[in-house]
Amino acid sequence: MNNNFEEIIKNSIIYKKISQTYLLSASSKNIDLTKYVIFFINLVNGEKFSSLKDITFGEMYYKIEEKDDSIKKDDVLLAIKNIQESSLNFTSSKHKILIIKNIEKGTAQSLNALLKFLEQSPPNLITIMTCNKRNSVLKTIRSRALEININQLIFKSKNTTDKFLLFINSIYNDEEIDENLTNNKKNLDALIKLDKNLSTNLSNIFSFMYEIFTNKNWYILLNYLYIYFYEMFLLNKCFDIVPIYINKSNLLSISKTEKTLKIIKKYLNIFKNKTLNFKIQKSAFITSLEEIWQ
């Protein structure tokens, strides 16, 4: 669980500023938004749920799910009817909570019905929506919700696995992520090891790369090296940025940094050429970096 998300929800409870409608968004499918929903429910209602399976839906908790890759109007209307009927005799101090996963899958008809309901929802109801494609959610829906972008919260955190998952998400599309990461944990492990070793002497890190650099993970590692040295370049140029990947105490020669960026960019193109011998190009690449930094 991201600490920044936890802090936002705790503060909203402490200062009694809980919103009636939330939209949790994340561009990466590797971020499990359901766990954020469960965390929210546990914190707001004092529950101890581990998953949605632990929840009994129908009296205090409700959910609308997609069917055949879309959210149907009839399902929205049924949930609204059940909420309105149960609210008549609802005396609990806890909040009723409506969960809508993948709100971007809503049809025009189902979202219009939902929109009317959100405009006049019962005061004891909290609606939590999730989405992986924020730009596909109607602006009128988004405007009625407190939107929490999990991607941005995670980028504010340091040295978390989520940070690396988000980085990989930025260089792959969803299908490629499933192919290159979900089914190959070694790629993520190599990335985390690279990040950890970048804080050491660079002559050692390039020797270390002989061990971890493969034809399966080169694209991930090179892109990570590029963004690492690009942050170093910007900080050396005194740009006012908040570094995500580099510690300001690790700033090194700007001229060497610029040369390194050129080399990485060059080999990003070279390694795409599958007719070339990977081992030879790998050796040439690492040797080029060592010559700069040793």
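The structure under discussion appears in the preceding block.
Residues numbered from 1 in each chain as written. Predicted model: local features only at pLDDT ≥ 70, side-chain atom pairs only at ≥ 80, totals over all residues. Heavy atoms only, no water.

**Points about the overall build of the protein**
Working step 1: Helix and strand counts for the protein stand at 13 helices and five strands.
Working step 2: Counting the 294 residues in the protein, one finds 48% classified as buried.
Working step 3: Nonlocal contacts in the protein, meaning residues at least 24 apart in sequence, comprise 71% of its contacts between residues at least 6 apart.
Working step 4: Accessible surface for the protein amounts to roughly 16,000 Å². Of this, 49% is attributable to carbon and sulfur atoms. (Helix = DSSP H or I, 4+ residues; strand = E, 2+ residues; numbered from the N terminus. Buried < 20%, exposed > 50% of the residue type's maximum accessible area, 1.4 Å probe, protein only. Contact = heavy atoms within 4.5 Å. Areas by Shrake-Rupley, 256 points an atom, 1.4 Å probe, with all protein chains shown as cover.)

**Looking at the sheet that holds strand β4 (residues 125-131)**
Across a sheet, paired strands are connected by hydrogen bonds in the backbone, their directions being either parallel or antiparallel.
Working step 1: Here we have five strands laid out as an open sheet, ordered β2-β3-β4-β1-β5, and parallel in their pairing. Every interior strand has two partners, whereas the edge strands, β2 (61-64) and β5 (146-149), have only one. Pairs of neighbouring strands in the sheet enclose a mean axial angle of 20°, with direction left out of account.
Working step 2: In this structure, strand β1 (residues 21-25) lies alongside β4, joined through five bridges in parallel fashion. Across the sheet, Tyr22 pairs through a bridge with Ile128, a residue of β4.
Working step 3: Packing of helix α2 (residues 33-45) onto the sheet brings it into contact with β1, β2, β3 (96-100) and β4, and relative to β4 it is tilted by some 165°.
Working step 4: Along the sheet, helix α4 (residues 108-119) makes contact with β1, β3 and β4, crossing β4 at roughly 145°. (Pairing = 2+ DSSP bridges. Axes fitted to C-alpha atoms, helices over the stretch in contact; angles between N-to-C directions.)

**Things to note about the environment of Gln294**
Working step 1: Here Gln294 shows up in the segment after α13 (278-293).
Working step 2: Residue classification places Gln294 among the exposed positions, given a relative accessible area of 62%.
Working step 3: Linking Gln294 and Asn204, residues 90 residues apart in sequence, is a C-alpha distance of 9.5 Å.

**Some remarks on the pattern of salt bridges**
Working step 1: By the definition in use, this model includes nine salt bridges.
Working step 2: Glu119 is paired through a salt bridge with Arg144; the nearest N and O atoms lie 2.9 Å apart. Taken together, the positions of Glu119 in helix α4 and Arg144 in the loop between α5 (139-142) and β5 put the pair 25 residues apart, joining distant regions of the chain.
Working step 3: Glu119 gets classed as partly exposed once you look at its relative accessible area, which sits at 46%.
Working step 4: For Arg144, a relative accessible area of 34% gives the class partly exposed.
Working step 5: A network of salt bridges, in which partner residues are shared, links Glu66, Asp69 and Lys105. (Salt bridge = Lys/Arg side-chain N within 4 Å of Asp/Glu carboxyl O.)

**Focus on unusual backbone geometry**
Working step 1: Look at Asp68: it is not a glycine, yet its phi comes out positive at around 55°.
Working step 2: Along the chain, Asp68 turns up in the loop between β2 and α3 (73-87).
Working step 3: A positive phi angle, close to 55°, is found at Asn102, a residue other than glycine.
Working step 4: When you line up the elements, Asn102 lands in the loop between β3 and α4.

**Details of the nonpolar core**
Working step 1: Among the nonpolar cores identified, the biggest contains 37 residues, and Leu194, Phe213, Leu222, Phe229 and Phe285 are the most heavily contacted of them.
Working step 2: Counting residues per element, the ones that place at least two in this core are α7 (161-171), α9 (185-197), α10 (202-212), α11 (218-236), α12 (254-270) and α13.
Working step 3: If you tally residues by element for this core, the top one is α11, at eleven residues.
Working step 4: Grouped together as the second largest cluster of nonpolar side chains are 25 residues, Phe5, Tyr36, Phe40 and Tyr61 included. (Core = buried A, V, L, I, M, F, W, Y, C linked by side-chain atoms within 4.5 Å.)

**What to know about the environment of Ile83**
Working step 1: Take Ile83: it is sitting in helix α3.
Working step 2: Among the residues examined, Ile83 registers a relative accessible area of 0% and is labelled buried.
Working step 3: A sequence separation of 25 residues divides Ile83 from Gly58, and the C-alpha atoms of the two residues are 8.2 Å apart.
Working step 4: The contact partners of Ile83, leaving out residues within four places of it in the chain, are Tyr62, Leu98, Phe117, Pro122 and Leu125.

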